[in-house]
Amino acid sequence: MNKKTEDKRKVKVLTKEKLDLEQLIQAPKLAPSVAGQSLVRTDALLKVKGSLMYGADYPQEGFLHGKILRSPHPHALIKSINIEKAKMLPGVMAVLTAKDVPGRNGFGAIIPDQPVICGDKVRYVGDGVALVAADNEKTAQEALKLIEVDYEPLPAIFDPRDALKEDAPKIHGKGNLLSYNKLRKGDMEKGFSEADVIIERTYQVPFLEHAYLEPDISMAIPRPDGTMLVEGPMQAPFTVRRNLAAVLGVPVNKVEARQIQMGGGFGGKEDSPIDLGCRAAVLANHTGCPVRITLEREEVTLQTAKRHPMIMEVKLGAKRDGTLVAFEGVIYDEQGAYASLGPLIPPAGGSHIHSMVMMPGPYEIPHVKVDAYLCYTNHPFGGAMRGFGAPQVHIAHEQIMDELAEELDINPIDIRRKNAFKLGSMTATGQVLDQSVGLLETVEACAENFNWDQRYRQTGYIDRQRTKRKGVGIGMGWYRTSIGISADGCGANVYVHEDGSVLLFSGITEMGQGSFTVLPQICAEELGVLFEDVRLVQPDTDIVPESGPTVGSRSTTLMGNAIILAAREVKRSILETASEMLLVPIERLRARKRRIYDTINPTRSLEFREVAARCMAQGKRLIGQGWWAPPPSSLDPETGQGNPYFVYTYSTHMAEVVVDVETGQVEVTDYVAAFDVGKAINPMAVEGQIEGGVAMGLGYALMEEVALEDGYIQNLNLQDYLIPTSLDVPDIKPVILEVENKFGPYGAKGIGEMPNIPATPAILNAIANACGGRVRTLPADPEKVFWAIREAGGPPDN
Amino acid sequence: MKSKKLSFKLNGQKVSVDVSPDTLLVDLLRDGLRLTGTKVGCREGECGACTVLLDGDPVNSCILPVFKVAGRSVTTIEGLSTEEGELDEIQYAFMTEGAVQCGFCTPGMIMIAKALLDKNPEPQETEIRQAISGVLCRCTGYRKIVQAVKTASQHRKSAQ
């Protein structure tokens, strides 16, 4: 991107002090450039006034209310279904079963293996068996009770290892192994023979709920011209459109998917809008009326995707000085009832393959072997959740690194310093990291801000009663930018108008992460206008170019580049015209802050809008289109060798905890997290991602678990499914480092998911450091911590 | 259930509506009165997105039977900024401190912060964290929300 700095690695620590209020408001006017400024979000004003419209805030007049009849069984055949009584209920407009789906009766982000309406069998508690539309919500609810379904329960599977057994019931008619992937590097026998120490551990993580605060909603509106509009919160409008077209049996260009701003997504609203959208659209198509489906919180938990649970077996070998020599891992990755975003089917790279690639951690290890099994079960299904398969495996590699360090009596920070990726390192897939590798910088910045060296030695009891022990923990991580492995790309359009105002068209959605602020910043920077001159158009598949889904920490980097390319097409017209108007050669001109000026004689200048008006008058092009795809990726199916992702974000976290050895209660008392983000386009937004991601990782460590018993979720609402409150989360200190990514807009890499990932193991390592007890099956709730301390020999003496 | 007449003060204005006694306050606000700034996240008083003020105290409007507000004063997020659009200090601080991400908890969070600052104009950090613990936020990690409440407190003080 920037030739001058391409081979020069630039490290800059941004100040953690905030700008004062005056500066923040003035920033767009005073700043030397727009990209890199902590600008206030474009949607903040509407949000603080409560006037931003979420899906549920739209008027309900004219809509029928859709409801889903759900399976009460984890695995059963549908023998018969009687809808006659339900159809007779006054106010009911439609009761639909599988035969009423006009096109393909299946949807899915990668494989369409989930029925819109189940016909012959159900595969999890919550599967959709019939759909109802009525003129009010209550009637629709009543109608569900009148549908009679005769089920024949089948034996069900709730453990991925059971799913692989030969006599296991076949959930989808074929084998339950949805995907088997392997990674092979070096020679395992040689590797482990060179090791002075070998340790083996098993770690286990449960299903996790996204717990975005806004429950799902979808509105489908059939139009007289035969097109179908579907509106709602959605992270992936193009995936919704593709699925809807197939389900309705119409060409893709007859479906329009429009994103309404989301009250949180975290990967969950990649899947669920496909599900709800298809069901609402089938009802709308059948009745000819607009249909709205809203989910209650319990339905969200019951129906939608979760973070994959995993059982991870790890064997790690090292030399006495801590040098890693061999890593062997096995992942039993539970997919649940449907494929969702689990498997790898080009052009989509599933979470499973990502887990495999990430599993050995951000360390140089010469000999690596990973076997990863993705299995169907009769549980709810795993989808995308902030980290896409990476948080789970980080819990394994970061804990085993600490267990190894303990075995070797090495400071956990030193064993990481010794093995961490640096410029030129080779990953387990054989990828040479030839640019933007700031991992070691994050270790040092984090250690300095946290004061690791001193605090690591000061663990122990902190109270006279000798019940509370303090400890510190470290977690390191890496995460891709982009979907990778196969196809990925983003398109953007930039329109400049005769008054100098700008419209920006992008299909990247806003779920809270701040893309609707960061993307216009990049556009304004490249055009040389002010931030407030750019208006971003709400993503709508009829209006914006194909952009792929808003996932994979890809938005700023991929869409940012597409916007720059689009803006440059317009800028060419602007600069050519300005050159004619000023009689100054084009290469001497610069566009900045609404002015086009001669760099030799800056007094010779024009206003951006004057030039735009002249372009318009002369019939010159003011429309720009950009498309950016990352460098090609690769991964050999037999060896798992290749370059799966084009760039990685790196991070180090340090946590301090206080553990009550009598109750097992854990309090996280301090936290520092350092990141190499390439370039922070909006540092305040980056901090927001860091602080929120760490809080989510804390929940994973200490309290979150979708509790399942025989396939039934026990904690459907937020009263029972606990997420961190303001009392659980410490004052997280973010540290932002910038090691330029030569493929990024102004050097940027992704940041959305990374903060969530090392947080969980950092806290688990701190607990072990504090009290000697290590929890290897999450979450580390008081009971598990209590027993872990006893298993380790009871509360320490000193 | 048969509708009955309900009178109360809403954002400073007297209102009188016919409403079924089994209605919950949040549904009256959102569906009956079209004040959709108050959000629904769980319908069991857990997430706090539906927080409004009842005579200055924060309440979960999703579990509050509507006749509990008879003759009393209800303040929602819509009642915080002036008709001319001037923001409350808390709203302003939430914007500038980056305390807003997805925004779904924001109205409830701002209301609970207002209840705190009206009673305790200069709260300590622990008091802020205690007060806002009734509203869940999945996006921010709370740090910038706590900071925004501190900033609003300072601004209120310097405006006096």
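Everything below is about the structure shown above.
Note that the coordinates shown come from a computational prediction; the quantities given were computed from them, not determined experimentally.

Describing the overall build of chain B
The number of helices and strands found in chain B is five helices and five strands. In terms of overall dimensions, chain B is globule-like: its C-alpha atoms have a radius of gyration of 16 Å, near the 15 Å expected for 160 residues. Referenced to the eigenvectors of the C-alpha coordinate spread, the extents of chain B come out at roughly 50 × 35 × 25 Å. A burial count over chain B gives 57% of its 160 residues as buried. Across chain B, the fraction of contacts at a sequence separation of at least 24, relative to all contacts at a separation of at least 6, is 59%.

Remarks on the overall build of chain A
Along its length, chain A carries 20 helices and 29 strands. Against the globule reference of 28 Å for 798 residues, chain A gives a C-alpha radius of gyration of 27 Å, in line with a compact fold. Its C-alpha atoms put chain A at 80 × 75 × 55 Å along the principal axes. In chain A, 79% of the contacts between residues at least 6 apart in sequence involve partners at least 24 apart.

Comments concerning the packing of helix α11 (residues 390-408) of chain A against helix α19 (residues 759-771) of chain A
All names here are of chain A. Close contact between α11 and α19 brings their axes to 8 Å; oriented N to C, the two are set at 30°. Between α11 and α19 lies a crossing whose hand is right-handed. Listed contacts from α19 to Pro 391, His 394, Ile 395, Glu 398, Gln 399 and Asp 402 of α11 are Thr 760, Pro 761, Leu 764, Asn 765 and Ala 768. Taken together, the residues that form the contact of α11 with α19 break down as five nonpolar, four polar and two charged.

Considerations on the sheet that holds strand β1 (residues 4-10) of chain B
All names here are of chain B. Strand order in the open sheet formed by five strands is β2-β1-β5-β3-β4, and the pairing between neighbours is mixed. Where the open sheet ends on each side, the last strands, each with one partner, are β2 (13-19) and β4 (57-60). In this sheet, neighbouring strand axes are inclined to one another by 40° on average, regardless of whether the strands run parallel or antiparallel. Note that β1 and strand β5 (residues 73-75) share two bridges and pair parallel.

A look at the nonpolar core
All names here are of chain A. One finds Val 132, Ala 281, Cys 523, Ile 563, Ile 763 and Ile 767 to be the most contacted residues of the largest nonpolar core, which totals 307 residues. If you tally residues by element for this core, the top one is helix α16 (residues 555-582), at twelve residues. Residues within four places of Ile 767 in sequence aside, it is in contact with Gly 471, Val 657, Val 659, Val 666, Gly 773, Val 775, Ala 780 and Val 785.

Overview of the sheet that holds strand β6 (residues 148-153) of chain A
All names here are of chain A. One open sheet accounts for three strands, arranged β4-β2-β6; its pairing is antiparallel. Unpaired on one side and paired on the other, β4 (121-122) and β6 mark the two borders of the sheet. The pairing of strand β2 (residues 76-82) with β6 spans six bridges and is antiparallel. In the sheet register, Leu 77 faces β6, and the bridge partner there is Glu 152.

Brief notes about helix α17 (residues 608-617) of chain A
For an α-helix, 3.6 residues make a turn, and residues three or four places apart therefore share a direction. Residues and elements named next belong to chain A. By the burial criterion, the buried members of α17 are Phe 608, Val 611, Ala 612 and Cys 615. Looking straight down α17, one finds that the buried residues subtend no more than 100° of arc, so they occupy a single side. The inward-facing, buried residues of α17 abut β18 (490-496), α16, β21 (589-592), β22 (595-598) and β23 (605-607).

Considering α19 of chain A
All names here are of chain A. When the terminal C-alpha atoms of α19 are compared, their 19 Å separation across 13 residues agrees well with the 18 Å that a helix rising 1.5 Å per residue should span. Of all 13 residues in α19, 13 are buried, a share of seventy percent or more. Positive backbone phi, approximately 85°, marks Gly 772, located one or two places after α19.

Examining the interface of chain A and chain B
Each partner contributes residues to the interface: chain A has 46 residues there, and chain B has 41 residues. Elements with a minimum of two residues in the side of chain A that touches chain B: α1 (21-30), α2 (44-49) and α18 (683-702) of chain A. Per element, the largest residue contribution to the side of chain A that touches chain B is seven residues, and it comes from α18 of chain A. Taken together, the residues that form the side of chain A that touches chain B break down as 24 nonpolar, eleven polar and eleven charged.

Remarks on the pairing of strand β14 (residues 324-336) of chain A
Residue and element names in this part refer to chain A. Of all 13 residues that make up β14, twelve are buried, and the element is covered over most of its length. As paired elements, strand β13 (residues 310-318) and β14 share nine bridges and run antiparallel to each other. Within β14, the position partnered with Met 312 by the bridge is Ile 331. Taking the residues between adjacent antiparallel strands as the criterion, β13 and β14 are bridged by five residues, where Gly 322 takes a positive phi near 100°. Direction of pairing for β14 relative to strand β15 (residues 367-376): parallel, over a ladder of ten bridges.

Examining the pairing of β2 of chain A
For β2 of chain A and β4 of chain A, the ladder comprises two bridges, and the chain directions are antiparallel. Bridge pairing in β4 of chain A places Leu 77 of chain A opposite Lys 121 of chain A.

A word on the packing of α18 of chain A against α19 of chain A
The description of two helices packed together rests on the angle between their axes and the distance between the axes. All names here are of chain A. As a packed pair, α18 and α19 sit with axes 7 Å apart at the nearest point and diverge in direction by 50°. As the angle between them shows, α18 and α19 are arranged oblique. As α18 packs across α19, the resulting crossing turns out to be right-handed. Along its contact with α18, which presents Gly 693, Val 694, Gly 697, Leu 698, Tyr 700, Ala 701 and Leu 702, the element α19 presents Ala 759, Thr 760, Ile 763 and Leu 764.

Quick notes on unusual backbone geometry
With an omega dihedral of -5°, the bond running from Leu 778 of chain A to Pro 779 of chain A counts as a cis peptide bond. When you line up the elements, Pro 779 of chain A lands in the loop between α19 and α20 (782-791). The backbone phi angle of Arg 594 of chain A is positive, close to 70°, even though this residue is not glycine. Mapping Arg 594 of chain A onto the fold places it in the loop between β21 and β22. The class of Arg 594 of chain A is partly exposed, set by 17 C-beta atoms lying within 10 Å. One non-glycine residue with positive phi stands out, namely Arg 43 of chain B, at about 60°. Classification of Arg 43 of chain B by C-beta neighbours within 10 Å gives buried; the count is 20.

Thresholds, definitions, all that
- Residues numbered from 1 in each chain as written.
- Chains lettered and ligands numbered in written order.
- Predicted model: local features only at pLDDT ≥ 70, side-chain atom pairs only at ≥ 80, totals over all residues.
- Helix = DSSP H or I, 4+ residues; strand = E, 2+ residues; numbered from the N terminus.
- Rg over C-alpha atoms; globule rule 2.2 N^0.38 Å.
- Buried ≥ 20, exposed ≤ 12 C-beta atoms within 10 Å, placed from the backbone.
- Contact = placed C-beta atoms within 7 Å.
- Axes fitted to C-alpha atoms, helices over the stretch in contact; angles between N-to-C directions.
- Left-handed = near helix turned anticlockwise from the far one by under 90°.
- Nonpolar A, V, L, I, M, F, W, Y, C, P; charged D, E, K, R; others polar.
- Pairing = 2+ DSSP bridges.
- Core = buried A, V, L, I, M, F, W, Y, C linked by C-beta atoms within 7 Å.
- Arc of directions from axis to C-beta.
- Expected span 1.5 Å × (residues − 1).
- Parallel < 35°, antiparallel > 145°, perpendicular 65-115°, else oblique.

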